[in-house]
Amino acid sequence: MYTPHPDRYADMPYRRTGRSGLKLPALSLGLWHNFGPDRPVDVQRAILRRAFDLGVTHFDLANNYGPPPGAAESALGDALKADFAHHRDELVVSTKAGYLMWPGPYGEWGSRKYLLSSLDQSLGRMGLDHVDIFYSHRPDPETPLEETMGALHSAVQQGKALYVGVSNYSAEQTREAARILAELGTPLLIHQPRYSMLDRRPEDEGLLDTLDELQVGSIAYSPLEQGLLTGRYLNGIPEDSRAASDSPFLSTDTVTEDLVGRLRTLDEIAKSRGQSLAQLALAWVLRGGRVTSALVGASSPRQLEDSVATIANLDFTDDELARIDAVIKA
């Protein structure tokens, strides 16, 4: 039987999410591509246990995570029952709906029918009566935002979610979503954007400024840019890497000679800080406290431990930030 580490809250910093009472760990675990039936169950369980032992109390999912879609939620449901039955109230479990889950016109996007049906299915897979955060995974260009936000509000009213969030929304869409939700009486808790040293759109397009103004939290996904901001590509493209596979998220065309040179320079900056390139990238996203939490994936407990070790050095000098900007923006 799993017994959590007694000192699991000793080191992990927890950051308040916007103006809510909810705090999230600086690093959260994303159950994306490592929690399907093609991965050993014992490894999945070991990752989740190690995460909790290290103070990672937030497990982030979506209805379509796996593969196949739904598999990650089912895997977490089994783990919750086996290992965390007595610790549910110490965990923040989030899920999302927005991408394709089943055939026909009601299986994706942002309609009330799809979102609430999907949430019911997610709760069934995880064996839960509620999630802590329920997200609209992407904006729907054809469904009125009032309907999508109304569905999130209903999830809270029905007791199936404690908080609500949005992901992949622009600054303008986020502002309007927050307005609608405020009028309904369910505040927008959090936004989940893609954000990394290599993808600064949340800064450049004003999203982070908007979240600051609205007092809405943020949790960054892909802070390691699909593995580019790790040591894997410092000498080109490994044969067993994501870029060398048929992954739709990273291709060989992305890993140019110029990019590899920049990654090597960033790695030198990381070493000067006593960090790996991945730890530098995570610390950069978390710098200054604007981002509430950064999402990390893990294929092993050791990989997770390396990510969590980032918290030992989250501060940057002005010179370090300038050197990083010079590498990225050159």
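Keep in mind that this is a model prediction, so the values were computed, not measured.

Chemist: Go over the overall build of the chain with me, naming the residues and quoting the values.
Modeler: Tallying secondary structure elements over the chain gives 11 helices and 10 strands in all. Taking 20 Å as the expected radius of gyration for a compact globule of 330 residues, we find that the chain reaches 19 Å, a close match to that expectation. Its C-alpha atoms give the chain principal-axis dimensions of roughly 50 × 50 × 40 Å. Burial statistics for the chain: of 330 residues in total, 55% are counted as buried. In the chain, of all internal contacts separated by at least 6 residues, the share reaching a separation of at least 24 is 75%. Accessible surface, the chain as shown: approximately 14600 Å² in total, 49% of it carbon and sulfur.

Chemist: Outline the side chain of Ser-136, supporting the account with residue identities and numerical values.
Modeler: Relative to the elements of secondary structure, Ser-136 occurs in strand 6 (residues 131-136). Side-chain polar atoms of Ser-136 contact the side chain of Tyr-169, separated by 2.7 Å. Not counting chain neighbours up to four residues away, the residues in contact with Ser-136 comprise Ala-97, Thr-148, Met-149, Leu-152, Gly-165, Val-166, Ser-167 and Tyr-169.

Chemist: Can you lay out the sheet that holds strand 3 (residues 27-30) for me, pointing to particular residues and giving the numbers?
Modeler: Taken together, the eight strands give a closed barrel; going around it, the order is 3-4-5-6-7-8-9-10, and neighbouring strands pair in parallel fashion. Strand-to-strand twist of the sheet, defined as the mean angle between neighbouring strand axes without regard to direction, takes the value 30°. Bridging between strand 3 and strand 10 (residues 293-296) involves three bridges; their strand directions are parallel. Its bridge partner being in strand 10, Leu-27 is matched across the sheet by Ala-294.

Chemist: A description of the pairing of strand 6 should follow, citing residues and the corresponding values.
Modeler: In terms of residue burial, strand 6 counts as a mostly covered element, since six of its six residues are buried. In this structure, strand 5 (residues 92-97) lies alongside strand 6, joined through four bridges in parallel fashion. Within the sheet, the bridge partner assigned to Ala-97 lies in strand 6 and is Ser-136. Alignment of strand 6 against strand 7 (residues 161-167), held across five bridges, turns out to be parallel. In the strand pairing of strand 7, Tyr-135 is matched with Gly-165. Note on the crossover from strand 6 through helix 4 (residues 145-157) to strand 7: the handedness is right-handed.

The rules behind each value
- Residues numbered from 1 in each chain as written.
- Predicted model: local features only at pLDDT ≥ 70, side-chain atom pairs only at ≥ 80, totals over all residues.
- Heavy atoms only, no water.
- Helix = DSSP H or I, 4+ residues; strand = E, 2+ residues; numbered from the N terminus.
- Rg over C-alpha atoms; globule rule 2.2 N^0.38 Å.
- Buried < 20%, exposed > 50% of the residue type's maximum accessible area, 1.4 Å probe, protein only.
- Contact = heavy atoms within 4.5 Å.
- Areas by Shrake-Rupley, 256 points an atom, 1.4 Å probe, with all protein chains shown as cover.
- Polar contact = N/O pair within 3.5 Å; in protein donor to acceptor, adjacent residues only side chain to side chain.
- Pairing = 2+ DSSP bridges.
- Axes fitted to C-alpha atoms, helices over the stretch in contact; angles between N-to-C directions.
- Right-handed = clockwise from strand over helix to strand, strands pointing away.

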